[in-house]
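Take a look at the letters that make up each chain.
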Amino acid sequence: MQPLKIAVFQFNPKVGDIKTNTKRLIDAINTAKINNADIFVTSELAITGYPPEDLLFRPAFQAAVKQSLEQIKQIDGIMLIIGAPSYRENSIYNSAYVYLNQNLIAIYDKQYLP
């Protein structure tokens, strides 16, 4: 049996700078792939920075989050667990998105918010 390689990317994402945070994530994912990682994991709200506060309510911000997730999910050959807000049922959640082979396989919402 082959050991599982997990790449954990802990960085200091800039609050509200989705474009730069996404680029850093994609670069780190590609590095993890080069190093034969099976799973890539980020911290909570890695795409938006923490805490995003009122930015979460802006339609352009929501669209940028969605676009970022679309970019990231195109990366194949590694399972991705990405921290980002999710918008469902007129609510906003602090979530972990799980992608495999360009498919969203799960969204897990944070259970206890401070």
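Everything below is about the structure shown above.
So, here's what we can say about the structure.

About the criteria used
- Residues numbered from 1 in each chain as written.
- Predicted model: local features only at pLDDT ≥ 70, side-chain atom pairs only at ≥ 80, totals over all residues.
- Heavy atoms only, no water.
- Helix = DSSP H or I, 4+ residues; strand = E, 2+ residues; numbered from the N terminus.
- Rg over C-alpha atoms; globule rule 2.2 N^0.38 Å.
- Buried < 20%, exposed > 50% of the residue type's maximum accessible area, 1.4 Å probe, protein only.
- Contact = heavy atoms within 4.5 Å.
- Areas by Shrake-Rupley, 256 points an atom, 1.4 Å probe, with all protein chains shown as cover.
- Lys, Arg positive; Asp, Glu negative; His and termini not counted.
- Charge placed at Lys NZ, Arg CZ, Asp CG, Glu CD.
- Polar contact = N/O pair within 3.5 Å; in protein donor to acceptor, adjacent residues only side chain to side chain.
- Phe/Tyr/Trp six-rings, centres within 6.5 Å; stacked < 30°, edge-to-face > 60°.
- Salt bridge = Lys/Arg side-chain N within 4 Å of Asp/Glu carboxyl O.
- Core = buried A, V, L, I, M, F, W, Y, C linked by side-chain atoms within 4.5 Å.

1. Notes on the overall build of the protein
Logical step 1: Looking only at helices and strands, the protein features two helices and five strands.
Logical step 2: For the protein, whose C-alpha radius of gyration is 14 Å, the value lies close to the compact-globule estimate of 13 Å for 114 residues.
Logical step 3: A principal-axis box enclosing the C-alpha atoms of the protein has dimensions of 45 × 25 × 25 Å.
Logical step 4: Taking all 114 residues of the protein together, the buried fraction comes to 38%.
Logical step 5: Restricting the contact set of the protein to residue pairs at least 6 apart, pairs at least 24 apart contribute 58%.
Logical step 6: By element, 54% of the accessible surface of the protein is carried by carbon and sulfur atoms, the whole surface being about 7,200 Å².
Logical step 7: Treating the 11 positive side-chain charges of the protein as one cloud and the 10 negative ones as another, the clouds have centres 6 Å apart.

2. Comments concerning the side chain of Asp-109
Logical step 1: Positionally, Asp-109 belongs in strand E5 (residues 103-109).
Logical step 2: Polar contacts involving the side chain of Asp-109 include one to the side chain of Ser-95, which spans 2.6 Å.
Logical step 3: Those residues in contact with Asp-109 that lie beyond four places of it in its chain are Ser-86, Arg-88, Tyr-93, Asn-94 and Ser-95.

3. As for the packing of aromatic side chains
Logical step 1: Taken as a whole and judged by the stated rule, the model has three aromatic pairs.
Logical step 2: Here Phe-9 and Phe-11 contribute two aromatic rings whose centre-to-centre distance is 4.7 Å and whose plane-to-plane angle is 20 degrees, an arrangement assigned as stacked.
Logical step 3: Looking at Phe-9, the relative accessible area reads 19%, which means it is buried.
Logical step 4: Among the aromatic side chains, those forming a connected cluster through ring pairs are Phe-9, Phe-11 and Phe-40.

4. Brief notes about the pattern of salt bridges
Logical step 1: Counted according to the given criterion, the structure contains four salt bridges.
Logical step 2: Taking the shortest distance from any N to any O, the salt bridge between Lys-110 and Glu-44 comes out at 3.1 Å. Taken together, the residues Lys-110 in the segment after E5 and Glu-44 in the loop between strand E2 (39-42) and helix H2 (59-73) connect sequence positions 66 residues apart.
Logical step 3: Classification of Lys-110 as partly exposed rests on a relative accessible area of 30%.

5. Examining the nonpolar core
Logical step 1: Residues Phe-40 and Leu-80 are the most contacted members of the largest nonpolar core, which totals 25 residues.
Logical step 2: Listed by contribution, the elements that provide at least two residues to this core are strand E1 (6-9), helix H1 (18-34), H2, strand E3 (79-88) and strand E4 (91-100).
Logical step 3: By residue number, the principal contributor to this core is H1, which donates six residues.
Logical step 4: Once residues lying within four places of it in the same chain are set aside, the contact partners of Phe-40 are Ala-7, Phe-9, Leu-25, Ala-28, Ile-29, Ala-32, Ile-78, Met-79, Leu-80, Ile-81 and Ile-82.

In short, the description is geometric, and any link to function would need to be established separately.
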